[in-house]
Amino acid sequence: MHIDLTEMLRCPEPHDEAFLVMSTGEMRGRMVRSGLLGCPVCGREYPLMKGVARFSGSGERGAAPSAAPSGAAPRSPLPDAETLQALLDLSGPGGYVVLVGSAARHAVGLAGLMGGIHYVGIDAPPDVEELSVLSLLACDTMIPLRRAMARAVVVGRDRAEAAWLAEAQRILLPGRRLVVERDDVTPPAGLTQVASGQGLLVAERR
Ligand SMILES: [Zn+2]
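Residues numbered from 1 in each chain as written. Predicted model: local features only at pLDDT ≥ 70, side-chain atom pairs only at ≥ 80, totals over all residues.

## Concerning the pairing of strand β5 (residues 45-49)
Of the two faces of β5, only the one carrying Y46 and L48 is buried; E45, P47 and M49 on the other face are not. In this structure, the hairpin formed by strand β4 (residues 35-38) and β5 is closed by a connection of 6 residues, where G43 is found at a positive phi of approximately 80 degrees. Note that β5 and strand β6 (residues 52-54) share 2 bridges and pair antiparallel. When the bridges of β6 are listed, L48 appears paired with A53. (Buried ≥ 20, exposed ≤ 12 C-beta atoms within 10 Å, placed from the backbone. Helix = DSSP H or I, 4+ residues; strand = E, 2+ residues; numbered from the N terminus. Pairing = 2+ DSSP bridges.)

This is the structure in structure tokens:
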């Protein structure tokens, strides 16, 4: 995980957002390979191991969004990086783009098109590896990031459910866009639908 992302993290427990405190172990350049994140509000600690900040496994509370896709997902091909860049209305460097679930696979393609953006993968598939442009956070209950911090969010087909879309809305900056890799979902309150079809939904935060 990139060290600068620390200030964008939030504790996944249901209390007010507060900065997490990072104790770094092994570093590789600006990337933290191992360390410990502590929450000053509830006192919980989250390990950072092999570059991945792990927020899951703190208990078996209910009401967690399911990771399993519900029903038969449409078999549309994944969008290419150029299409995603256009749909997300991304131009110019800077800031964070958040990729939820299988959407983390887009980090390499998007980074190849645009430098100077840092990507954050949430619960990425096991075959997706950390890169200098991609930080990985493991959390199966929510997106452990502060509100209104993302320039754009892509939600993969495996996380295209109401709870995760509401989380995407929470972390998006006003006026910025969300792409969902399914076109049969409804955007949550606070998002305006821009386009839908061919396996994709595009919405913009009001
Ligand atoms: Zn906490």
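## Thoughts on the sheet that holds β4
Within a beta sheet, neighbouring strands are joined by backbone hydrogen bonds and run either parallel or antiparallel to one another. Within the open sheet, the 11 strands sit side by side as β1-β4-β5-β6-β9-β8-β7-β10-β11-β13-β12. Their pairing is mixed. Whereas interior strands pair on both sides, the edge strands pair on one side only; in this sheet they are β1 (21-24) and β12 (191-197). The sheet shows a mean angle of 20 degrees between the axes of neighbouring strands, taken without regard to direction. Relative to strand β13 (residues 200-205), strand β11 (residues 172-180) runs antiparallel, the two sharing 4 bridges. Bridge assignment links V179 to a residue of β13, and that residue is V202. Along the sheet, helix α3 (residues 162-171) makes contact with β7 (96-100), β10 (150-155), β11, β12 and β13, crossing β10 at roughly 170 degrees. (Axes fitted to C-alpha atoms, helices over the stretch in contact; angles between N-to-C directions. Contact = placed C-beta atoms within 7 Å.)

## Focus: the domain arrangement of the chain
Interfaces are often described in size by the accessible area the parts lose on coming together. Split into domains, the chain comes out as domain 1 (3-54) and domain 2 (81-205). Computed over C-alpha atoms, the centres of domain 1 and domain 2 are 21 Å apart. At the interface, 11 residues of domain 1 touch 16 residues of domain 2. Taken together, the residues of the side of domain 1 that touches domain 2 break down into 7 nonpolar, 1 polar and 3 charged. (Domains from an automatic or database assignment. Nonpolar A, V, L, I, M, F, W, Y, C, P; charged D, E, K, R; others polar.)

## Describing α3
If you check which residues of α3 are buried, you get W164, L165, E167, A168, R170 and I171. In this fold, the buried residues of α3 make contact with β7, β10 and β11.

## Re unusual backbone geometry
With a phi close to 50 degrees, A148 is a non-glycine residue in the positive phi region. In this structure, Q198 is a non-glycine residue whose phi angle is positive, near 55 degrees.

## Here's the deal with the nonpolar core
The biggest cluster of nonpolar side chains holds 54 residues, and the ones touching the most others in it are V98, L99, V100, V153 and V155. Residue assignment places this core across two domains, with domain 1 (3-54) and domain 2 (81-205) each supplying three or more. In this structure V155 touches V100, G101, A103, A160, W164, L165, A168, L178, V180 and E181, once residues within four positions along its chain are discounted. (Core = buried A, V, L, I, M, F, W, Y, C linked by C-beta atoms within 7 Å.)

## Structural notes on the pairing of β7
As a general feature of sheets, a regular strand has side chains that alternate between the two faces. For β7, a buried count of 5 out of 5 residues is recorded, marking the element as mostly surrounded by other parts of the structure. Alternating positions in β7 separate into two faces, Y96, V98 and V100 on one and V97 and L99 on the other, with burial throughout. Two elements, β7 and β10, share 5 bridges in a ladder whose sense is parallel. Paired with Y96 across the strands is A150, a residue of β10. Strand direction decides the pairing type here: β7 and strand β8 (residues 118-122), joined by 5 bridges, are parallel. Along β8, the bridge assignment pairs L99 with G121. Handedness of the β-α-β unit built from β7, helix α2 (residues 107-113) and β8 comes out right-handed. (Right-handed = clockwise from strand over helix to strand, strands pointing away.)

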